[in-house]
Amino acid sequence: MSEGAIESVLQEKRWFAPPPTFAAKARIGSYEAYRALYDRSREDPIAFWEEQAAQELAWFERWHTVLDWQPPQAKWFEGGRLNVSHNCLDRHLGTWRRNKAAIVWEGEPGDSRTLTYGQLHREVCQMANVLKQLGVQKGDVVGIYLPMIPEAAIAMLACARLGAPHSVVFGGFSAEALRDRLNDAQAKVLITADGGWRKDAVVPLKDQADKALAGVPSVQHVLVVRRAAQPVTMVPGRDSWWHDLQAGAAGQCPAEPCASEDVLFVLYTSGSTGKPKGVVHTTAGYNLYAHMTTQWVFDLRDEDVYWCTADVGWITGHSYIVYGPLSNGATVVMYEGAPRPTNPGCFWDIIEKYGVTIFYTAPTAIRAFLKAGEHFPRARDLSSLRLLGTVGEPINPEAWMWYHHVIGGGRCPIVDTWWQTETGGILISALPGAIATKPGSAALPLPGIFPQVVDLNGHPVGVNEGGYLTVTHPWPGMMRTVFGDPERFRRSYWEHIPPCDGQYFYFAGDGARQDEDGYFWVMGRVDDVINAAGHRLGTMEIESALVSHPAVAEAAVVGKPDPLKGEDICAFVILAEGQTPNEALVQALKDHVVQEIGAIARPGDIRFAPALPKTRSGKIVRRLLRALAAGSDFSGDLSTLEDRSVLDRLREEV
Ligand code: WT7
């Protein structure tokens, strides 16, 4: 991490008040109501969280200590006992929700399936019994490597029911990536499928799993879901079909009373550098945090049809497809596939088909929709939507505006939610009925969250000055450790900004500024900051200036070594549909950036790119673009890339 402040140059003045009709019905319906909740959490965070825990979760035994904070180690609700699957399922069964749709699933080939809370409960119990039969006990880690099918949620909840931590590995990961994660977590059982549909093809998951398992001695049993009618090799004594064992399993299974700090899951970070970290989340704090933030941010109510397009292999899928929504008794849409050349409008088909009311997706997807053009969403009835969300990267204001107009019909608030795998749930976001939104800003901290933008000594920076985005007080959903490596936990998150006057700073790598209204503007990863002629500039602001030009669909900027300036700004630009690259456009884009934010941000080098290197969760990997700009070799871990062939195309064409 390099030294010094980060300059903020973006000037975005548009803002949108919560629509009065939305606010009138919202759970938190005014700024004053938000402020009152926030102030109360600030005055007494312990009492605040204790109250939420008592009101919102079902407990087998009450805690004796709300928070035990031995930095960087937090323990929440010690002495308490509960079960997350009980909170997500059983407690709804005694209500009318027994026959409410819990999961509405759509397969990529167009097949579909709906599971009510009653049905989901039964299948989860059956799977918990199957896992028991395979020898899984409380504390044993179960690997899950599945496509986006209901069995993924069933498997997670079955593990939670037994107190067996799950470790979900995204189905797009390779055999090697799966092997390393299963080994690190010492998984005892793996749940996978013959295959899954993605972009009109079957991903052969079982084949990948077999390759991985050749190098994973800890896995004793493999459970295989039949999804894609793929021929697979079943290893006798090790492999069983999910449906075979399910058929003989009882539909009742008591939920294990877990201690508050029992591990609920281990989830590996994308690992842009070095060995991926196994982020550990525990039972009570995580459940409470996912539950509360789902209510606050999505204003979720029983009539909603809620759709988060993430994969369950990411934290977004854990917190906002499975645990948060189900703990609240919501109806969740789950989709197996992805937009693809044969059906670029598949998301809009699903919104129309199921009458989706809340839609939560990533900036990378929004930029792809923007590039593909308005005619796809315009061809469908999206009038059921009432709220939109985004997560994963900073969203450029122009992409925000497009989302607002074209998808939201100008009537839906947009919640830009800032958080991380490590934080367990959303930390900074607008509340849609209470907080005005500004395109490009994640807005304000949620109740119980006390972020601060500081310099490297932990001193707060001034209004509109860039700095390091930290969190200064523990919260229930925070990660507890790196699996098997508490020292790495301390080093990775608590050392960059040293403690100061007994104050500890959680820091996980983002730069940000706070404006005169207290709004947070995330400027990108501090590792990506560009040092141009003495100015330290975040990537988000320059990229936003480029994307605000009508010819540009997407942009990524990096620093390129320059003998005079230290670094020159090099921009990789993806053009909008129908635009052709030429010298005049290069000049026009440079001028445009100068006009939008000033001469210090003028990119010396603009390159038209066929595609950008992205992680499998859709984040731009600027480290590789830096190598390209500098003319050096691609190095570091490439296994997290969505499509490695992009690197060859960039080398050839750019
Ligand atoms: C990093 C965390 C959080 C679940 C999905 C990604 C970036 C995430 C935003 C946002 C600006 C964002 C940050 C963060 N990020 N949301 N709304 N605005 N940046 O989880 O893979 O752990 O990534 O994603 O850089 O640190 P993750």
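Structure's up top.
In this numbering scheme, every chain counts its residues from 1 along its sequence in written order. Selection of residues for local features in this predicted model requires a pLDDT of at least 70, selection of side-chain atom pairs for listing and counting requires 80 or more, and totals for whole chains, interfaces and linings are taken over all residues. The basis for every side-chain value is the complete set of heavy atoms in the structure, and neither hydrogens nor water enter the calculation.

Trainee: So what about the site of the ligand? Which residues, and what values?
Mentor: Here a residue counts as near a molecule or strand whenever at least one of its heavy atoms sits within 4 Å of it. Lining the immediate environment of the ligand, one finds 17 residues, of which Asp416, Thr417, Thr421, Asp510 and Lys619 sit closest. At a separation of 3.4 Å, a nitrogen atom of the ligand approaches a polar backbone atom of Glu393. Gln420 is positioned such that a nitrogen or oxygen atom in its side chain is 2.7 Å from an oxygen atom of the ligand. Note on areas: Shrake-Rupley with a 1.4 Å probe; residue coverage comes only from the protein chains shown. For the ligand, the accessible surface in isolation is 560 Å², of which the surrounding protein chains cover 90%. The helix and strand labels rest on DSSP assignments: H or I over at least four residues marks a helix, E over at least two residues marks a strand, and numbering proceeds from the N terminus. When residues of the shell around the ligand are traced back to their parent elements, those giving at least two are helix 11 (315-327) and strand 25 (520-525). Each residue receives one of three labels: charged for Asp, Glu, Lys and Arg, nonpolar for Ala, Val, Leu, Ile, Met, Phe, Trp, Tyr, Cys and Pro, and polar for the others, Gly being one of them. Residues that form the shell around the ligand fall into these classes: six nonpolar, five polar and six charged. Any pair of N or O atoms that falls within 3.5 Å is considered a polar contact. Within protein, one atom must be able to donate a hydrogen and the other to accept it, and sequence-neighbouring residues count only if both atoms are side-chain atoms.

Trainee: How would you summarise the pattern of salt bridges if you had to cite specific residues and measurements?
Mentor: Take a side-chain nitrogen of Lys or Arg and a carboxyl oxygen of Asp or Glu: if they are within 4 Å of each other, that pair is a salt bridge. Counted according to the given criterion, the structure contains 45 salt bridges. With its nearest N and O atoms 2.5 Å apart, the salt bridge here joins Glu51 to Arg40. Here Glu51 is found in helix 3 (residues 45-56), whereas its partner Arg40 is found in helix 2 (residues 31-43), with eleven residues between them in sequence. For every residue, the accessible area obtained with a 1.4 Å probe (protein chains only) is divided by the maximum for its type, and the residue is called buried under 20%, exposed over 50%, and partly exposed between those limits. What makes Glu51 partly exposed here is its relative accessible area of 34%. Put simply, Arg161 and Asp90 hold a salt bridge, and the shortest N to O gap is 2.8 Å. Taken as a pair, Arg161 in helix 6 (residues 150-162) and Asp90 in helix 4 (residues 84-93) lie far apart in primary sequence, 71 residues in all. Each member of the pair, Arg161 as well as Asp90, is classed as buried. Beyond isolated ion pairs, a larger network of salt bridges with shared partners links Lys206, Asp210, Arg238 and Asp239.

Trainee: Let's hear about the layout of surface pockets: which residues, and what values?
Mentor: The definitions used throughout rest on a 1 Å grid laid over the protein atoms alone, on which a cavity is an enclosed set of points accommodating a 1.4 Å probe that cannot get out and a pocket is an open set flanked by protein within 12 Å on both sides along at least five of seven lines; lining residues are those having an atom within 4 Å of a point. Grid points are joined across faces, edges and corners, and a volume is the space filled by probe spheres set on the points. Counted as a void, the second largest pocket has a volume near 470 Å³. Considering the residues around the second largest pocket, the lining is formed by 21 residues, among which Phe170, Gly171, Gly172, Arg198 and Val203 are closest to the centre. Of all the secondary-structure elements, those providing two or more residues to the lining of the second largest pocket are strand 9 (196-198) and helix 8 (205-213). Broken down by element, the lining of the second largest pocket gets its largest block of residues, three residues, from strand 9. The residue inventory of the lining of the second largest pocket, partitioned by class, reads ten nonpolar, five polar and six charged.

Trainee: Pulling in residues and values, what's your account of unusual backbone geometry?
Mentor: Here the residue pair Pro71 and Pro72 is connected by a cis peptide bond, since its omega of 0° sits within 30 degrees of zero. Within the element layout of this structure, Pro72 appears in the loop between strand 1 (65-70) and strand 2 (73-78). In this structure, Asp200 is a non-glycine residue whose phi angle is positive, near 65°. Its location among the elements puts Asp200 in the loop between strand 9 and strand 10 (201-203). One non-glycine residue, Asn464, lies in the positive phi region at around 65°. Of note, Asn464 is situated in the loop between strand 21 (451-454) and strand 22 (467-471).

Trainee: Outline the sheet that holds strand 24 (residues 506-514), listing residues and values.
Mentor: DSSP-based pairing: two strands are paired if at least 2 bridges between them are found. If you trace the four strands from one edge of the open sheet to the other, you get 21-22-24-25, paired in antiparallel fashion. For this open sheet the edge positions go to strand 21 and strand 25, each flanked by a neighbour on one side alone. The average undirected angle you get between the axes of adjacent strands in this sheet is 45°. Fitting a line to C-alpha atoms yields each axis, with helices limited to the stretch in contact; the angle taken between N-to-C directions then spans 0 to 180 degrees.

Trainee: Quick rundown of the sheet that holds strand 16 (residues 305-308)? Include the residues and the values.
Mentor: Taken together, seven strands build an open sheet; the order of strands is 5-4-17-16-18-19-20 and the sheet is mixed. Two strands close off the open sheet at either side, each with one partner strand: strand 5 (112-116) and strand 20 (414-416). Sheet twist, expressed as the average angle between the axes of neighbouring strands with direction ignored, equals 15°. Both strand 4 (residues 101-106) and strand 5 contribute to a ladder of five bridges, which runs antiparallel. Among the inter-strand pairings, Val104 is bridged to a residue of strand 5, identified as Thr114.

Trainee: Explain the environment of Ile606 to me, and be specific about the residues and the numbers.
Mentor: Along the chain, Ile606 falls in strand 30 (residues 605-608). Spatially, the C-alpha atom of Ile606 lies 25 Å from that of Pro439, the residues being 167 residues apart in sequence. Any pair of residues with heavy atoms lying within 4.5 Å of one another is described as a contacting pair. Leaving out residues up to four positions away in the same chain, Ile606 has contacts with Leu546, Ala571, Val573, Val586, Leu589 and Lys590.

By themselves these figures say nothing about function.
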